[in-house]
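Each chain, written out:
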Amino acid sequence: MNIAIRNGRVIDPANHLDQITDLFICAGKIAAIGEPPAAFSADQEIDATNLVVSPGLIDLCANLREPGYSRKGTIASETAAAAAGGITTLCMPPLTRPIADNTAVIDLIEDLAKQAGNARVLPMGALTQELKGEQLSPMYGLSKAGCIGFTNAREPIHSSLTLARCLEYAATHDLLVIFQPQDADLAAGGTMHDDTTCTRLGLSGIPESAETIEVARCLLLIEQTGVRAHFGQLSCERSVKMVMDARERGLPVTADIAIQNLLLTDENVSGFDPNFHLIPPLRSQLDRAGLRHALVADGFQAICSDHQPHELAAKQAPFAATEPGMTGLETLLSLSLMLVQQELISLPQMLAKLTTGPARVLNVDLGTLTPGSSADICIFDPEQEWVLTQENRRSAGANTPFMGFPLKGVVRYTLFEGNVVFQQ
């Protein structure tokens, strides 16, 4: 299908493009920007006057819950939510049942994503078998089956020798290793940031050292092995500084921050709302300020949703007994736009953290409007207000503190591989 998108503000951070122009799509690819290709005839025209036309967003961490946890969500429901949020590519952690440590599970995930047809799902493989932290998974075979990288999620690898062997193997085959750093012993039983709010509420805390100690261990082993590594969902200022210092020393390391850690702090937990029960937890105002400073200084490469949908029962208990996590695919763009509204960064800079930045982390040819690349496109109105409600949500999970909260930034169209997969 040939599509012409007319009069939009086309922003492509990968090519430093920001201008009002036309964009042309042919056979699922970007055909041209500005002037149509020779003999081009549009089957559909989209008027993008006063709208932003950007590459489809790339989310580096989204739990889609299938296979194994379909009561919380399915690949079909969560990729539909992603399309509604302008997201066309999702990285899915191996926290499925069974664990994504064999090619059969990877094949199933890819088949279900293809059947849904809403977005591209890039599975992460388990770093160790069954995420037990004891034996290496068959990483090379999993990479050939489609795994974009390897992680043990927040499951501990107690033995530094085992972790070193994992990184050596990954480095040998130039595989990306993704860390979600947390020292299991220091974090054990914790439900929120260990500080004065935590003490006042009588909840068990997770100290910053639970993250920073694990970041330090991983960085030393990255330096030893030379593996290509990424730190996902960092929450502490010191963690980000350590990764930034490592990059300056030439280590092949990148990082991302979940959008909620750039906007909220542990003080938001005061009302015991279980939607604020998150891992990593919301940190102090000082940490949030440090993360925002790193954002301005280009200290990390991507912003993600850390999407974790839950069924109603998982959040209907006393705070400490609820399951951590919030749903975030439909709100990722709007919440990221708050950083622009607060004049921390510009709109093109924000979009870079959601498109070209994640693409470079993954080393994939996505997140760009370069002619010849896949026509993954998000068309949105950055000024229009909307409210996420129980009635209009597409994710199976309703666990977000932003439910019913007025937000700016309405996605009008999402195109995936040249097909309109969402239209408001």
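Residues numbered from 1 in each chain as written. Predicted model: local features only at pLDDT ≥ 70, side-chain atom pairs only at ≥ 80, totals over all residues. Heavy atoms only, no water.

Details of the packing of helix α8 (residues 237-248) against helix α10 (residues 285-296)
In step 1: Remark: α8 packs on α10, axes separated minimally by 8 Å, with the N-to-C direction vectors making an angle of 30°. Classed by the angle they form, the pair α8 and α10 counts as roughly parallel. In this structure, α8 uses Glu-237, Val-240 and Met-244 to contact α10, whose residues at the interface are Leu-286, Asp-287, Gly-290, Leu-291 and Ala-294.
In step 2: Within the contact of α8 with α10, the residues separate by chemical class into five nonpolar, one polar and two charged. (Axes fitted to C-alpha atoms, helices over the stretch in contact; angles between N-to-C directions. Helix = DSSP H or I, 4+ residues; strand = E, 2+ residues; numbered from the N terminus. Parallel < 35°, antiparallel > 145°, perpendicular 65-115°, else oblique. Contact = heavy atoms within 4.5 Å. Nonpolar A, V, L, I, M, F, W, Y, C, P; charged D, E, K, R; others polar.)

Considering unusual backbone geometry
In step 1: Put simply, Glu-66 and Pro-67 share a cis peptide bond, and its omega is 5°.
In step 2: Phi angles above zero are rare outside glycine, and Ala-39 is one such case at about 60°.
In step 3: At Asn-363, a position not held by glycine, the phi torsion is positive, near 60°.
In step 4: Note on placement: Asn-363 falls in the loop between α13 (356-362) and β16 (377-387).

Considering the domain arrangement of the protein
In step 1: The domain boundaries assigned to the protein delineate domain 1 (2-52 + 374-423) and domain 2 (57-368).
In step 2: Once you take the C-alpha centre of each, domain 1 and domain 2 turn out to be 25 Å apart.
In step 3: The interface formed by domain 1 and domain 2 contains two salt bridges.
In step 4: Across the salt bridge formed by Arg-120 and Asp-376, the nearest N and O atoms sit 2.8 Å from each other.
In step 5: There are 17 residue pairs in polar contact (both at pLDDT 80 or more) connecting domain 1 and domain 2.
In step 6: Within the residue set of the side of domain 1 that touches domain 2, elements represented by two or more residues are β1 (3-12), β16, β17 (406-416) and β18 (419-423).
In step 7: Counting residues per element, the side of domain 1 that touches domain 2 draws most heavily on β17, at seven residues.
In step 8: In terms of residue class, the side of domain 1 that touches domain 2 is built from 21 nonpolar, nine polar and eight charged. (Domains from an automatic or database assignment. Salt bridge = Lys/Arg side-chain N within 4 Å of Asp/Glu carboxyl O. Polar contact = N/O pair within 3.5 Å; in protein donor to acceptor, adjacent residues only side chain to side chain.)

Concerning the sheet that holds strand β9 (residues 149-151)
In step 1: As summarised here, the arrangement of the eight strands in space is β6-β7-β8-β9-β10-β13-β14-β15, forming an open sheet in which the pairing is parallel. Either end of the sheet is taken by a strand with one partner, and the two such strands are β6 (57-59) and β15 (302-304). Ignoring strand direction, the axes of neighbouring strands in this sheet form an average angle of 25°.
In step 2: Where strand β8 (residues 120-126) and β9 come together, three bridges link them in parallel fashion. In the strand pairing of β9, Met-124 is matched with Gly-149.
In step 3: Contacts from helix α7 (residues 209-225) reach β10 (176-179), β13 (228-231) and β14 (253-258) within the one sheet, and its direction differs from that of β13 by about 165°. (Pairing = 2+ DSSP bridges.)

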